[in-house]
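Residue-level structural notes
What follows is the residue order along each chain.
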Amino acid sequence: MNGNRPSGGGRGGYRKDGAARKEYHHKDTYRKDDTRGNDYRKDRPYGKDNYRKDGTNGDDRRKGQYGRGGDESARKEYRNKDTYRKDDNRKPDSSVGTRQLVQRILTDFDGAPGDPERIADRILARRHIEDRDRRFVFELVYGVLRNRIYLDYVINTFISGEREPMSDALRRILEIGAYQILFLDRVPDHAAVNEAVNLAKHDTNTAPGAGFVNAVLRNVIKNKFDISLPDSQTDLAGRLSIEFSHPKWMVERWLARYGLGDTKKILAFNNERPAVYLRRKMRDISRPQFEFDMRTLCEAGCGYLNLYYKMKKPLEPENLRMLRDGFCSVQAPSSGWVVAMLGLRDGDRALDMCGAPGGKATLMAELVGDSGYVAACDKGRWKMKTAVEMFAAQGLGNIYPVVCDSVAPPFAGTFDKVLLDAPCSGSGVLQRHPDGRFVRTAEDVGDRASLQKELLDSAAKLVGEGGVLVYSTCSLEPEENECQVKCFLDGHPDFKLDRPPEAVPAMYIDDDDCLRVTPYKHNMDGMFAARFKKG
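In this report, we go over the structure that sits alongside the text. (Residues numbered from 1 in each chain as written. Predicted model: local features only at pLDDT ≥ 70, side-chain atom pairs only at ≥ 80, totals over all residues. Heavy atoms only, no water.)

**Quick word on the sheet that holds strand 1 (residues 277–280)**
If you walk across this open sheet you meet the three strands as 2-1-3, and the pairing is antiparallel. The open sheet is flanked by strand 2 (308–310) and strand 3 (328–330), the only strands paired with a single partner. Between one strand axis and the next, the sheet turns through 30° on average, direction left out of account. Sheet topology places strand 1 next to strand 2; three bridges connect them, and they run antiparallel. Within the sheet, the bridge partner assigned to leucine 278 lies in strand 2 and is tyrosine 309. (Pairing = 2+ DSSP bridges. Helix = DSSP H or I, 4+ residues; strand = E, 2+ residues; numbered from the N terminus. Axes fitted to C-alpha atoms, helices over the stretch in contact; angles between N-to-C directions.)

Next comes the structure, spelled out in structure tokens:
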């Protein structure tokens, strides 16, 4: 991940007079005729929803947007939503302890990049921590990861070139402090600095650098409105990479495929907090009863069969009675449209080839009813354990979990409907999984495509005559989507591309009759799915 960090940069000098600001807000920073070397940072929207499954605070906007000279009504709105207010009476020890947990989670992530939620759950499980502090931990962890390239760029701007390279531990402390200064409007700047300094002093390895942390972060405060970014005329991809904290190789791919306008929409979408949706169970509770019980917590139903409800409030879904009792589960609406592509009916025999952590399999099981069944496969024992717990919580007895490699599954017969939600680069869900920016490389796209082809060949053997195979990914990359469709049809003449069921709205169907949900068009996680029919 260190390879994604820029080496540094010089200080910029933005004009701060009112005329210049007015002029800037009416111009496109990336116009081709823009010859300025030091563009103003454009205000860009940040969503008000939550990281992971929880509800974290909704104040993730740049301080420059609602700080000095900002709109008063907007500031009042954010004061009312923020739980980390300036009159926070938490004890300093608790504050340092919370940030120590954040540092530990980031340290483990850097040592073995993976799912930060799982890392955090493992570390927090050993400690008694209040829900409020838990939400703040996730706020900082996901906030740093989502904005890490930009944070490191800013930090490097205020580091003298003569200084010895700092330790990774010291850099993580600076990242935590800089994130609060630049992105958390309700954490006072001085408090962010003091807490970072105390965090450095708490460890003998970083204690000698406490003064350095203090100096760098005070420079960030002093110059936070005057951060100069690379010139968009000479290095557009580099500028976007830093501004939106995405790997440069990824930005270059999207610029070539989508153009500047849609690429910026994707990047901005990925930097918003993901909304948390609950999917209502189809049986055991009526829709009117569910909506009445959840009326103060969720918006109106939407998505496939109106099963999806966006949470209004920043709450831990795990603390909801409806979730504990198995009447709903956490799932994004775009996943529901993938299942809709199967056109499942009562009594169908269905297979979910990559079935963990179980969200799609549970919906499939409800659709096929007690007269049908779903076999859910995955080779990850830990992931399948999580899926089995979900099956049990929802009281679904028609799902049969199988731990196996789906390249060579242990089935002798065939199925009516097969879903292959294939492992992929995950470039369509970077909003929900910002760690994907650091654990994926350009080479991974090609490597995943090879595995996807093997899985498709395996899936084809399990589809009965007249049956349906749905291939899906959460990727935006053509090698993993339309290229796989063409390759599969060329190698399997007994299959043909079939039109999506009527339940899938036309707005999500592309010119090739494939499901294509994109962040820049639909404001949802990116999803792709193709429906093949045998015979």
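**Overview of helix 8 (residues 168–183)**
For an α-helix, 3.6 residues make a turn, and residues three or four places apart therefore share a direction. Taking 1.5 Å of rise per residue, the 16 residues of helix 8 would be expected to cover 22 Å, and the 22 Å separating its terminal C-alpha atoms lies within 8% of that figure. Extensive coverage of helix 8 is indicated by the burial of 14 of its 16 residues. (Expected span 1.5 Å × (residues − 1). Buried < 20%, exposed > 50% of the residue type's maximum accessible area, 1.4 Å probe, protein only.)

**So, the nonpolar core**
In this structure, Val137, Val141, Tyr150, Leu174, Val213 and Leu217 are the most contacted members of the largest nonpolar core, which totals 54 residues. The set of elements that each furnish at least two residues to this core consists of helix 4 (92–111), helix 5 (116–124), helix 6 (131–146), helix 7 (148–157), helix 8, helix 9 (189–201) and helix 10 (210–223). Counting residues per element, this core draws most heavily on helix 8, at nine residues. Excluding anything up to four places from it in sequence, valine 213 contacts Leu170, Ile173, Leu174, Ala196, Val197 and Ala200. Leu396, Tyr508, Met527 and Ala529 belong to the second-largest nonpolar core, a separate cluster that totals 39 residues. (Core = buried A, V, L, I, M, F, W, Y, C linked by side-chain atoms within 4.5 Å. Contact = heavy atoms within 4.5 Å.)

**What to know about the packing of helix 7 against helix 8**
Taken N-terminus to C-terminus, the directions of helix 7 and helix 8 make an angle of 100°; their axes are 9 Å apart at the nearest point. Here helix 7 is positioned roughly perpendicular relative to helix 8, judged by the angle of their axes. Counted together, Arg148, Tyr150, Leu151, Asp152, Val154, Ile155 and Asn156 of helix 7 and Arg171, Arg172, Leu174, Glu175, Ala178, Tyr179, Leu182 and Phe183 of helix 8 form the full contact between these two elements. A class-by-class count of the residues in the contact of helix 7 with helix 8 yields nine nonpolar, one polar and five charged. (Parallel < 35°, antiparallel > 145°, perpendicular 65-115°, else oblique. Nonpolar A, V, L, I, M, F, W, Y, C, P; charged D, E, K, R; others polar.)

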